[in-house]
Amino acid sequence: MLGPLGNLLFVGTPVMSDDKSRNHPRPPLIGFYVFPGHAMLDLAGPLSAFTVLDHVDQPGRYDTVVLSKGGGPVRSQEGVDVISVSAREHSIDTLVVVGGPGVFDLNETDFDSVRELSGTARRTTSVCTGAFLLAASGLLHGRRATTHWEQAGRLAEGFPTVQVEADRIYVRDGPIWSSAGVTAGIDLALALVEDDYGADIARTIARYLVVPFRRRGGQSQYSEMLALDPPSDRIARSLVFAQTHLAEALTVERMATIACLSPRQFSRAFHADTGETPAGAVERLRAEAAKARVETGIEPIEAIATSVGFSDPERMRRAFIRRFGKSPQALRRASRDRDTAPKSSTTNNAVPYPED
């Protein structure tokens, strides 16, 4: 059957609640929760990471099912209808709540569905803005979490009890996992597989999907990397190295060695590719990593400065003023003022989505 736009997509492994044909324990059931306006890649990326095990390893590692509040076709933001089953029909091992713009239109019935699913699941996870649904359901209260870097400030503002770690690929806090935007859902799925079956199997999936293994949860979401966007693999490799070694000395000589160029060649090529000097780019990366922690955490400014590679707080303060127009202390005060400001009421129990 075709949906209204002629698009109908069947995803997941069919799961029969009265299946008596197996004579062995049922594999863990991974349930993906969708809603009108969900993002297809938030669903398809991690779903593929679980299902390819049937092809690259051994069948039966996982069962998967797509769930929604009422079941039936659910229209994605891309206009594709995804067939789902009612959330009330299954008890699952792992809940994966996907993201998408439709998350901001949900109401208490969706919150109830997610709370009920999470209540019996071994672990609960979110992809991208799916974290807003977890937060609105009360599942992130007092916990650390992440989401797409562009929406991290909104999550922190709308849900002050959530400890938002804006510069993370994924965050694990007990049985609750959350991941950053879009393709980070694949990183999350690989981490879950590794948690269940070990690194070798997760690495096999990554190789089959042609994705990096592994972007650790603490790794940055690389928004400044996207802005720099070097076309040269050598320059890109030096930036990735810098991003993952921010606390260390990142001299031109060291970065040039990573790029397999002489320092002089490296400096010329780096500026041609990025429009920045190597020192300027490293400052951008350090300032970005520090900013997320300054705004959303309670760590001392001095400790943050040291941990991201600024030699002292004054050097970080000057970098912040150059990059963001405010000192770290001013940014932290502004963030706290937003958190304590009266929140505007929402109708229909919709997920809070504060205005700029």
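Residues numbered from 1 in each chain as written. Predicted model: local features only at pLDDT ≥ 70, side-chain atom pairs only at ≥ 80, totals over all residues. Heavy atoms only, no water.

1. Considering unusual backbone geometry
For Cys128, which is not glycine, the phi torsion reads 55° and is therefore positive. Judged by its relative accessible area of 8%, Cys128 is buried. (Buried < 20%, exposed > 50% of the residue type's maximum accessible area, 1.4 Å probe, protein only.)

2. A short note on the nonpolar core
In terms of nonpolar packing, the biggest core is built from 68 residues, with Tyr33, Phe50, Val114, Leu133, Leu140 and Val193 touching the most fellow members. Looking at which element gives the most residues to this core, the answer is helix H6 (residues 184-197), with eight residues. Filtering out sequence-adjacent residues up to four positions away, Phe50 remains in contact with Ile30, Phe32, Tyr62, Thr64, Ala189, Leu192 and Val193. (Core = buried A, V, L, I, M, F, W, Y, C linked by side-chain atoms within 4.5 Å. Helix = DSSP H or I, 4+ residues; strand = E, 2+ residues; numbered from the N terminus. Contact = heavy atoms within 4.5 Å.)

3. Here's the deal with the environment of Val114
Its location among the elements puts Val114 in helix H3 (residues 108-120). Not counting the four nearest positions on each side in its chain, Val114 is found in contact with Tyr33, Leu95, Val97, Leu133, Leu134, Ser137 and Leu139.

4. Structural notes on the pattern of salt bridges
Considering all chains together, one arrives at 21 salt bridges under this definition. In this structure, the salt-bridge partner of Asp195 is Arg123, at a minimum N-O distance of 3.5 Å. Of this pair, Asp195 sits in helix H6 while Arg123 sits in strand E7 (residues 123-126); the two residues are 72 residues apart in sequence, bridging distant segments of the chain. Looking at Arg123, the relative accessible area reads 3%, which means it is buried. Residue Asp196 is joined to Arg123 by a salt bridge in which the shortest nitrogen-to-oxygen separation is 2.5 Å. Separated by 73 residues along the polypeptide, Asp196 in helix H6 and Arg123 in strand E7 bring together distant segments of the chain. What makes Asp196 partly exposed here is its relative accessible area of 23%. Each member of the salt-bridge network shares a partner with another, and the members are Asp93, Arg122, Arg123, Arg172, Asp195 and Asp196. (Salt bridge = Lys/Arg side-chain N within 4 Å of Asp/Glu carboxyl O.)

5. Some thoughts on the side chain of Thr147
Considering the arrangement of structural elements, one finds Thr147 in the loop between strand E8 (144-145) and helix H5 (152-158). On the basis of relative accessibility, which here comes to 0%, the residue Thr147 falls in the buried class. Only 2.8 Å separates the side chain of Thr147 from the backbone oxygen of Cys128, close enough to count as a polar contact. (Polar contact = N/O pair within 3.5 Å; in protein donor to acceptor, adjacent residues only side chain to side chain.)

6. Digging into helix H10 (residues 252-259)
Taken as a whole, H10 has its buried residues at Met255, Ala256 and Ala259. Angular distribution of buried residues about the axis of H10 spans 105°; they occupy a single face of the element. Positive backbone phi, approximately 60°, marks Cys260, located one or two places after H10. (Arc of directions from axis to C-beta.)

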